[in-house]
Structures are given as structure tokens and as C-alpha cells.
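Residues per chain, in single letters:
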Amino acid sequence: MQTWGSEGDIRPFLALGGALGKAGHDVELVITELDERDYLHFGALLGIRIRMVASPVLASTAERERAGEALLAIGSVFRQGRYIARRLFEPSVPVMFAAAEELAASCDLLVRHFFHYPAAVAAAKAGIPDVSVSFSPDAIPSATQPPADLPDLGRVANRLLWRLANFALDRTFLPPVNALRRRHGLPALRHATDAWYSPTRNLLAMSPALRPPADDWDERHRVCGFLNLPDAADADPLPGWLPDFLDEGAAPVFVGFGSLTPKEGAHRRDTLEIIEGAVRIAGCRAIVQDLGEPGTRHGDILHVGRLPHAGVFKRCAAVVHHAGAGTTQTALASGVPSVAIPHLADQFYWSRQLYRLGVAGKPLTRSRLTSRTLAARIASVLSSPALHDRARALGTEMSREDGCARAVSFIAQVART
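Bear in mind the structure is a predicted one, so any value in this text is a computation, not a measurement.

Q: Whenever I open this one, the pairing of strand E12 (residues 318-321) confuses me. Can you help?
A: The two faces of the sheet receive side chains in turn, since in a regular strand these alternate between them. Judged by which residues are buried, E12 turns out to be covered on both faces: Ala318 and Val320 on one side and Val319 and His321 on the other are all buried. With 4 bridges connecting them, strand E8 (residues 253-256) and E12 associate as parallel partners. Within E12, the position partnered with Val253 by the bridge is Ala318. With 3 bridges joining them, E12 and strand E13 (residues 338-340) adopt parallel strand pairing. Paired with His321 across the two strands is Ala340, which belongs to E13. Where the polypeptide runs from E12 across helix H12 (residues 325-333) and back to E13, its parallel neighbour, the crossover connection is right-handed.

Take a look at the structure:
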């Protein structure tokens, strides 16, 4: 197995790797981490081998802040993807490909992050099958939805929009893929999506309660469900002072915007000021992640660092978040409504899905975020029985799913062929 990215790209692979190991497979997982987190200790917890290469991609806090600020300044999902590919992915390709070749030489099947074309090239060169894992359907062409950044004009128009989008995607993302393929004697691909999604099987790590399969996807795309770590394998325990805060008053609102958003300097100060003002206006309590010293309190606000979301969200009245795939599904599985504030990439897609499902209000973009707009969204969610009822119903539905078991079954089907 091989993955790359932030925590939201890595935790599903940890979960799936553990499930594959439990099913009797011999598993090695190679990780390239954008941030500075070390995942090696998960190996003993999950019974798999883990290596980290070219990590962290962003070696200093200053680099991470510059990347986060640059992404926020880009107004287009397409251009954000181009920045991520060129600035955060391509520089690590030589090291990631070398690791992929080592994996492919010693394994029967390679499971990879959908964007990890070096792993796909290594598998093809070695003559073994690969299975891609993706976290959002927004880049899979379908008449049921338009490409990112474009309006939904209906099935006929959406097909035309995808033709235009594929032209732009191919010109932007395909050249480095085909350059690597040619260097290793493989034929060029026609489309970027052919590089992203395995021709054999692409697993969508999302709950069917959140997004069922489109009726025009080809058969390689399979919705397996949320790939979530079991509680026993989550190496981030709740800090001892958190239960006291949870027990002493009304259920708080959780606020966190993911690992790629800036957490220093002016952006941090502005964001924290907005949140503090919104909490005062809304008259609620709040847990705020990664914007203050963990364990400190300012009135009704408790600051926390890294912690397992599943263990906290169930004790909250609502979750204010960036609508990343993992946070979105953890909030839903916890039966808690959301206030979605997308910042980049597929977060805009998932925030729209939350609104469509009736578990969140309309998405609030970062550019429109003020204390008053945030307070209004929080108050609207807290006072809506319908949002809470719908969130609990979806949480119950998701509790009956086992995404890892389905993914293991799909992978075993490929291995047997």
C-alpha cells in the first residue's frame, strides 16, 4: 500500500491496512506525509509494516504556512489542484517512485492513493494489479454532477462540461504522468483520470448514505464506505482535562479547519478573533482545535490540539469544520449536524452534500466568514430540530456499515483474478 498527503489521506490507509492484516494479508504501507506527524507507531497497533519516505514534504512551519496561505488565496478548485500537484506532489515523485518500485517487486497487489501515479506506474511496470482509493467522487466524470467550479446544468449539459474539463485536466496533470510512463517503457495514457483511477478497481472511501454511486459510473468504481480506524487502534487518547470541560455545561460546538489551513500569524489571529466573537454572539460553548495552546481556556472556549474526533464529536451539539472527507463522515457517523466552511479542493463538494442531505445549512466560504455570519450559522443549526434529527438518522444508518470489510472484499476479488 502507498499513500501521500495530509492526515485525511493517511488515516483511511491505516484503517484499511489494519483490516487487510486482520484478514490474513501481509501488509506493508509506505507513507509520504505533508506535515510532520510520525505514523510509525501505528504499525504495532495494527499489525502491519509502515515506512515513511520523503516526509515531511513541508519541512518547516514556515513552509506549511506559506502553502496554506497560497491555497486559500487561490479562488478555483482546479487551480488549487494544480498548485498541490506542482508544489506538494511532484518534488517528491523520484523518492516515492523508488519506494513504489520496491513495493511492486515484493508484493502481489498494490493499493494506492488515487493521485499517486508513481505507484500506478511501478505496479504496471512490475505486471501486478493496482487498486486505487479515492475520497470523493467529484473528479469522476458523470452526467449527474458538473465538474468542480461549474454550475449543474442538467445531464446533457454536464456531459459537455466534462469534455471541456477533461481537456483542461489532461493538459495540466497528464504530462508528468506520461513522461514517467515513457521512461519505463509504458504506453502513454489519454486522460488524467486514467492515471488517477485504477483500470481494475477504484474504491470510493465514502458512506453510501452520504453519496450513492452514480448510475453512469463504469464498474471499476465501487463505494465501499468510510474507512475509519477502530477506537482501539487510535493512538490519540483524549486529554485528561477535556472530559471536565464536556461535563460542566451544555454540549459545546467543535471548531476545526483541518491540517492544511494556516495556524500562525495574521490568519490565526483573524480566525481566532472571528471564532471568539461568534461564540459570544451565539451564546454557546466551544472547543477550538489548533488555534491556541492546548488545554487553555478563554471563557467558554477550550483550546485543544490533535485528538480523535470520533470520541469528541458525539459529545458536541454541532461541528464547525472545513468539510474534508474524513471530518465530514466522522461528524455524520457521530449523529451531529455541521456548519461547513470549505477552504479548498473537495471540501466544496462535501459541504454541498451536507446541505443537500439536510444536516447543515448552506456552506459559508472562508471569504465571507465573520463573527456575525458564523454566529448566525451556529445559532441556526443549534435551534433546528430537523437538522439534529436528520443527523442522528444518518449516524444510525452509517453505524450499520463496515467500509473496511467491504474494501477488503473488493480487494480480495482483484487478488483472486
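Q: In this structure, what is going on with the sheet that holds strand E10 (residues 297-298)? I would like to understand it.
A: Paired through backbone hydrogen bonds, the strands of a sheet run either parallel or antiparallel to each other. In space, the 6 strands of this open sheet follow the order E10-E11-E9-E8-E12-E13, with mixed pairing throughout. Two strands close off the open sheet at either side, each with one partner strand: E10 and E13. Here strand E9 (residues 286-289) pairs with strand E11 (residues 301-304) via 4 bridges, running parallel. From the neighbouring strand, Gln289 faces E11, where its bridge partner is Val304. Contacts from helix H14 (residues 371-382) reach E8, E12 and E13, with the element oriented near 150 degrees to E13.

Q: Can you help me understand helix H10 (residues 265-282) in this one?
A: It helps to recall that an α-helix has 3.6 residues per turn; residues three or four apart then point in one direction. When the terminal C-alpha atoms of H10 are compared, their 26 Å separation across 18 residues agrees well with the 26 Å that a helix rising 1.5 Å per residue should span. Contact partners of the buried residues in H10: helix H3 (61-73), E8, E9, E11 and H14.

Q: Is there a simple way to explain the nonpolar core in this structure?
A: Soluble globular proteins: nonpolar side chains tend toward being buried together. Core analysis: the biggest nonpolar cluster contains 94 residues, and Trp4, Leu14, Leu16, Val111, Val133, Trp196 and Leu227 have the highest contact counts within it. Leave out the neighbours within four places in its chain, and Trp196 touches Arg112, Phe114, Phe115, Ser132, Ala139, Leu169 and Phe173. Core analysis: the next-biggest nonpolar cluster, separate from the first, contains 24 residues, Ile275, Ala278, Ala318 and Leu369 among them.

Q: Quick question: what am I supposed to make of the packing of helix H6 (residues 117-126) against helix H7 (residues 155-183) here?
A: What describes two packed helices is the angle between their axes and the distance between those same axes. Between H6 and H7, the shortest axis-to-axis distance is 10 Å and the interhelical angle comes to 25 degrees. In terms of orientation, H6 and H7 fall into the roughly parallel class. For the element pair H6 and H7, the recorded crossing hand is right-handed. Contacts from Tyr117, Pro118 and Val121 in H6 reach Pro176, Val177, Leu180 and Arg181 in H7.

Q: I keep staring at the pattern of salt bridges and nothing clicks. Help me out?
A: Proximity of charged atoms lets side chains of opposite charge pair with each other. In total, this model carries 18 salt bridges according to the counting rule given. The partner of Arg64 in a salt bridge is Glu36, and the shortest N-O contact between them spans 3.5 Å. Taken together, the residues Arg64 in helix H3 and Glu36 in the loop between strand E2 (28-33) and helix H2 (42-46) connect sequence positions 28 residues apart. Several salt bridges converge on common partners, so that one network encompasses Asp26, Glu28, Arg49, Arg51 and Glu102.

Q: Mind showing me how you'd approach the packing of H12 against helix H13 (residues 347-357) here?
A: Closest axis-to-axis distance for the H12/H13 pair is 10 Å, and the angle between their directions is 20 degrees. It follows that H12 is roughly parallel to H13 by the angle criterion. Here Ala325, Thr328 and Leu332 of H12 come into contact with H13, specifically with Trp350, Leu354 and Leu357. Of the residues that constitute the contact of H12 with H13, the class distribution is 5 nonpolar, 1 polar and no charged.

Reading the values: the criteria
Residues numbered from 1 in each chain as written. Predicted model: local features only at pLDDT ≥ 70, side-chain atom pairs only at ≥ 80, totals over all residues. Heavy atoms only, no water. Buried < 20%, exposed > 50% of the residue type's maximum accessible area, 1.4 Å probe, protein only. Helix = DSSP H or I, 4+ residues; strand = E, 2+ residues; numbered from the N terminus. Pairing = 2+ DSSP bridges. Right-handed = clockwise from strand over helix to strand, strands pointing away. Contact = heavy atoms within 4.5 Å. Axes fitted to C-alpha atoms, helices over the stretch in contact; angles between N-to-C directions. Expected span 1.5 Å × (residues − 1). Core = buried A, V, L, I, M, F, W, Y, C linked by side-chain atoms within 4.5 Å. Parallel < 35°, antiparallel > 145°, perpendicular 65-115°, else oblique. Left-handed = near helix turned anticlockwise from the far one by under 90°. Salt bridge = Lys/Arg side-chain N within 4 Å of Asp/Glu carboxyl O. Nonpolar A, V, L, I, M, F, W, Y, C, P; charged D, E, K, R; others polar.

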